[in-house]
Amino acid sequence: MNKHILIILLSAITVFNLGCRQGSNEKQDNPAAPKDSVASEPVKPSQSGYADVNGLKMYYEVYGKGKPVVLLHGSFMNIISNWSQIIPMLAGRQVIVAEMQGHGRTRDIARSLSFEAMADDVSGLLKHLQVDSADILGYSMGGGVAFQFAVRHPEQLRRLVILSGAYAHNGWWPDVEASFSTTTADMFKGSPIQTQWDSLGNDPAKFPEFFKKVMSIDLKPYDWSKDVKNIKAPIFMAIGDADGVRYEHAIELFRAKGGGKMGDMHGLPKSRLAILPGTTHIGMVVQRPNWLIPMITDFLDSDLNPTPPTF
């Protein structure tokens, strides 16, 4: 992926989602969205604040009541930019959203950024909120955090949803992985991502340091294949057909979780896989919530009966 394209795309997602937040009463320009889409309804958190976890003061918000689901955002993102469109669509659940180390209103600390540490932070947040277990949904970087949460804290996990996330560094297409080392903070100077980070009370002079720290997690080789394939909880993994994640990467996990067989003959696996047509990495959360949310809620609510349907 050309580095200039990467900056344009990352900036575009922030612009779009800020527009969703600021103009939440306007209809979405989305042919897949129904006219009465709940995504247009403004919502306010029932609880918000900072949790003291592992040396962080972790910012979080809680919406609604019901079975808890935790949403984990992508790199450089936050609650506003990643989840404004999706939170209202999960009505009927207790939606817990948090901002990871250095992101949004969660200030950075003198600690390396890692998927493992962020997963431990999420575990600490659930304990702070006195939530014994929850469904975990992670997008992009948040998908990596979600995988590590499942590996490190299985007792706190009910079901796992991964949107456009990878469990090994080579799960990304080669050109995408190669682009990580060429992306710099200067490319984001004056971008919506930088201006929003500044607006949430962060020191503008520290943006380059924050940027470098976030990118560092993608520059270190990682491979959790063995541990991830041994996750006991059901997994729903969704990617786009024009995503940054390789099809084979998602299919390999699905096979390990019982997929890759004709369900009419062998029954349905408890885990699920979706490859959305005409969908990019950013399009997953910008364009496809009205496709994704019904699939996600069906997965979370289903009894996962393996018996196939009949005529």
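For the structure, see preceding data.
Residues numbered from 1 in each chain as written. Predicted model: local features only at pLDDT ≥ 70, side-chain atom pairs only at ≥ 80, totals over all residues. Heavy atoms only, no water.

Draft legend 1. Looking closely at the overall build of the protein chain. Scanning the protein chain from N- to C-terminus turns up twelve helices and eight strands. By the burial criterion, 56% of the 311 residues in the protein chain qualify as buried. In the protein chain, of all internal contacts separated by at least 6 residues, the share reaching a separation of at least 24 is 74%. A total accessible area of about 14000 Å² is found for the protein chain, and carbon and sulfur atoms account for 55% of it. (Helix = DSSP H or I, 4+ residues; strand = E, 2+ residues; numbered from the N terminus. Buried < 20%, exposed > 50% of the residue type's maximum accessible area, 1.4 Å probe, protein only. Contact = heavy atoms within 4.5 Å. Areas by Shrake-Rupley, 256 points an atom, 1.4 Å probe, with all protein chains shown as cover.)

Draft legend 2. Representation of the side chain of Q196 in the model. By secondary structure assignment, the location of Q196 is in helix 6 (residues 192–199). Judged by its relative accessible area of 7%, Q196 is buried. Within the structure, the side chain of Q196 is placed 2.9 Å from the side chain of N78, a separation counted as a polar contact. (Polar contact = N/O pair within 3.5 Å; in protein donor to acceptor, adjacent residues only side chain to side chain.)

Draft legend 3. Structural view of the nonpolar core. Grouped together as the largest cluster of nonpolar side chains are 60 residues, with contacts concentrated most on F147 and L160. Contact partners of F147, with chain neighbours within four places excluded, come to L160, I162, G165, A166, Y167, W224, V228, I231, M237 and L253. Grouped together as the second largest cluster of nonpolar side chains are 31 residues, L163, A274, M284 and I293 included. (Core = buried A, V, L, I, M, F, W, Y, C linked by side-chain atoms within 4.5 Å.)

Draft legend 4. Helix 9 (residues 247–256), seen in detail. For helix 9, the set of buried residues is H249, A250 and L253. Down the axis of helix 9, the buried side of the element spans an arc of 95 degrees, and every buried residue falls inside it. Here the buried face of helix 9 lies against helix 4 (141–152), helix 8 (225–229), strand 7 (235–242) and strand 8 (272–280). The positive-phi residue at the C-terminal boundary of helix 9 is G258, with phi of around 105 degrees. (Arc of directions from axis to C-beta.)

Draft legend 5. Highlighting the packing of aromatic side chains. What the rule picks out here adds up to 16 aromatic pairs. Their ring planes at 45 degrees and their centres at 6.2 Å tell us that F207 and F211 sit as a pair that is tilted. With F207 and F211 both in helix 7 (residues 207–219) and four residues apart, the pair spans about one turn of that helix. The exposure class assigned to F207 is buried, which follows from its relative accessible area of 1%. Seen from their ring centres, F236 and F299 are 5.8 Å apart, and the 45 degrees between their planes marks the pair as tilted. Placement of F236 in strand 7 and of F299 in helix 12 (residues 289–301) is noted, with a sequence separation of 63 residues between them. Judged by relative accessible area, F236 falls into the buried class, the value being 3%. On the accessibility criterion, F299 (0% relative accessible area) is buried. (Phe/Tyr/Trp six-rings, centres within 6.5 Å; stacked < 30°, edge-to-face > 60°.)

Draft legend 6. Structural detail: the side chain of E99. Relative to the helices and strands, E99 resides in the loop between strand 4 (94–98) and helix 3 (115–128). On the basis of relative accessibility, which here comes to 0%, the residue E99 falls in the buried class. Residues contacting E99, with those up to four places away along its chain left out, are M58, Y59, H73, N78, I79, G104, R105 and T106.

Draft legend 7. Looking closely at empty space enclosed by the protein. Scanning the model with the defined rule gives one cavity of 30 Å³ or more in all. By volume, the largest cavity amounts to about 40 Å³. Forming the walls of the largest cavity are I235, M237, A250, L253, F254, K257, S271, R272 and L273. Those elements that place two or more of their residues in the lining of the largest cavity are strand 7, helix 9 and strand 8. A total of three residues in the lining of the largest cavity trace back to one element, the largest contributor, which is helix 9. Tallied by class, the residues present in the lining of the largest cavity amount to six nonpolar, one polar and two charged. (1 Å grid on protein atoms, 1.4 Å probe; cavity = no way out; pocket = protein on both sides within 12 Å on 5 of 7 lines; lining within 4 Å. Points joined across faces, edges and corners; volume = space filled by probe spheres on them. Nonpolar A, V, L, I, M, F, W, Y, C, P; charged D, E, K, R; others polar.)

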